[in-house]
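# Structural features, examined
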Amino acid sequence: ELKNAITSLNNCKRPIFVAVESRPRWQELLTGTRTVFIDFEEPDYSLRLQLWQQELAKMSPIVTQEELRVLADTFVLTPAQITTAVRAALDQQLLSSDDNEPDTNIFAAQLFAAARAQSDQSLGTLAVKMKTIHSWENLVLPTIILHRLKEMTAAVKYRHIVYSDWGFGERIAAGRGVKALFAGASGTGKTMAAGVIARELGLDVYKIDLSGLVSKYIGETEKNLDRIFTAARCSNAILFFDEADALFGKRSEVKDAHDRYANIEVAYLLQKVEEYEGVVLLASNLS
């Protein structure tokens, strides 16, 4: 059926516009056909900020400029998703108002909730979404460790200042994400800390299920990893690898085919972690 459709396209004398999500596959199918490919890239931070400002200006809500900047940097959304998120936040205000009149002040928390709802939720089929009910007051940690966690959270929350205002985004092509390793015995607060950071940033955090990720078949683990990181990018989520030592192993000397493929898995995993521009948290009992 697909071949017949392509043949019909070739026989048509008028221009035809085809909207697709995956360019490489269609580029291969349309080989030999007079085709012009136009890529519609995701809006960058500056354009997202402008879209948030335009949509909120139409409805005259009161939102600080800093809240908008953090919102635009945290969520990579399309123009249509931004429009829907703003309207959803206003509808929430209308429903929660006693006099059925929307409040002119839209709080950042409501906008964050609306933006999270617009993010792709396909990651939920590959990982477990964690509940974020704790706050900084619930964490019992040494002062220096608590300070490091807050510093890391601030680095994520205000990275738009570094990459946009200070111009470092033009110098750093990859590796903009934040990666951290939480090491300690069971019950010391590793998982709780991940939830607190996610709550502070207004993001969802997903715990990666290693049982569904690692496969004994060659190449399957890499495919599962690719699906997780692709879905995480669309979901604007924090990835939390619990018992990370089971997956992030040290690359060993290659003595047979098993060692070679094991090293490939680790190398591929490190590559995907490096490319991910969000937050990746690892937890292990083996410091």
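Predicted model, so just to flag it, every value in this text is computed and none were measured. (Residues numbered from 1 in each chain as written. Predicted model: local features only at pLDDT ≥ 70, side-chain atom pairs only at ≥ 80, totals over all residues. Heavy atoms only, no water.)

Spatially, the five strands line up as an open sheet ordered E1-E3-E4-E5-E2, and their pairing is mixed. Single-partner strands in this sheet number two, and they are strand E1 (127–129) and strand E2 (178–183). Direction aside, neighbouring strands of the sheet carry axes that sit 25° apart on average. Note that E2 and strand E5 (residues 279–284) share six bridges and pair parallel. Directly across from Ala180, in E5, lies its bridge partner Leu281. Across the sheet, helix H9 (residues 190–201) lies against E2, strand E3 (205–208), strand E4 (238–241) and E5, angled at about 180° from E4, the strand it touches most. Most of the contacts of helix H11 (residues 220–235) go to E4, to which it runs at about 145°, and overall it touches E3, E4 and E5. (Pairing = 2+ DSSP bridges. Helix = DSSP H or I, 4+ residues; strand = E, 2+ residues; numbered from the N terminus. Axes fitted to C-alpha atoms, helices over the stretch in contact; angles between N-to-C directions. Contact = heavy atoms within 4.5 Å.)

On to the nonpolar core. Membership of the largest hydrophobic core comes to 45 residues, with the highest contact counts inside it found for Trp52, Phe182, Ile197, Ile238 and Leu281. The residues touching Ile197, leaving out its near neighbours within four places in the chain, are Trp136, Leu149, Met152, Thr153, Phe182 and Ile238. With 22 residues, the next largest nonpolar core counts Leu210, Ile228, Phe229 and Val273 among its residues. (Core = buried A, V, L, I, M, F, W, Y, C linked by side-chain atoms within 4.5 Å. Buried < 20%, exposed > 50% of the residue type's maximum accessible area, 1.4 Å probe, protein only.)

Our focus in this paragraph is the packing of helix H3 (residues 45–58) against helix H4 (residues 65–74). Closest axis-to-axis distance for the H3/H4 pair is 9 Å, and the angle between their directions is 130°. In this view, H3 runs oblique relative to H4, as classed from their interaxial angle. Relative to H4, the crossing made by H3 is right-handed. Residue-level inspection shows Tyr45, Arg48, Leu49, Trp52, Gln53 and Leu56 of H3 in contact with H4, the latter providing Gln65, Leu68, Arg69, Leu71, Ala72 and Asp73. Partitioned by chemical class, the residues of the contact of H3 with H4 number seven nonpolar, two polar and three charged. (Parallel < 35°, antiparallel > 145°, perpendicular 65-115°, else oblique. Left-handed = near helix turned anticlockwise from the far one by under 90°. Nonpolar A, V, L, I, M, F, W, Y, C, P; charged D, E, K, R; others polar.)

The subject of this paragraph is the packing of helix H7 (residues 143–157) against H9. H9 packs onto H7 with a crossing angle of 35° between their chain directions and a minimal axis gap of 10 Å. Between H7 and H9 lies a crossing whose hand is right-handed. Mapping the contact onto sequence places Leu149, Met152, Thr153, Val156 and Lys157 in H7 and Ala193, Ile197, Glu200 and Leu201 in H9. Classifying every residue of the contact of H7 with H9 by side-chain character gives six nonpolar, one polar and two charged.

Here we come to the packing of aromatic side chains. Summed over all chains, the structure comprises three aromatic pairs. Each ring, one from Phe75 and one from Phe112, has its centre 5.6 Å from the other, and the planes form 65°; the classification is edge-to-face. Taken as a pair, Phe75 in the loop between H4 and helix H5 (79–96) and Phe112 in helix H6 (residues 108–118) lie far apart in primary sequence, 37 residues in all. Accessibility classification places Phe75 together with Phe112 in one group, the buried group. Between Phe229 and Phe241, the ring centres sit 6.4 Å apart and the planes meet at 25°, which makes this aromatic pair stacked. (Phe/Tyr/Trp six-rings, centres within 6.5 Å; stacked < 30°, edge-to-face > 60°.)

Let us look at H11. Since there are 3.6 residues in each turn of an α-helix, residues three or four apart along the chain are aligned in direction. The first and last C-alpha atoms of H11 sit 22 Å apart over 16 residues, in line with the 22 Å expected at 1.5 Å per residue. Taken together, the buried positions of H11 are Thr221, Glu222, Asn224, Leu225, Ile228, Phe229, Ala231, Ala232 and Ser235. Just beyond H11, the residue with positive phi is Asn236, at close to 50°. (Expected span 1.5 Å × (residues − 1).)

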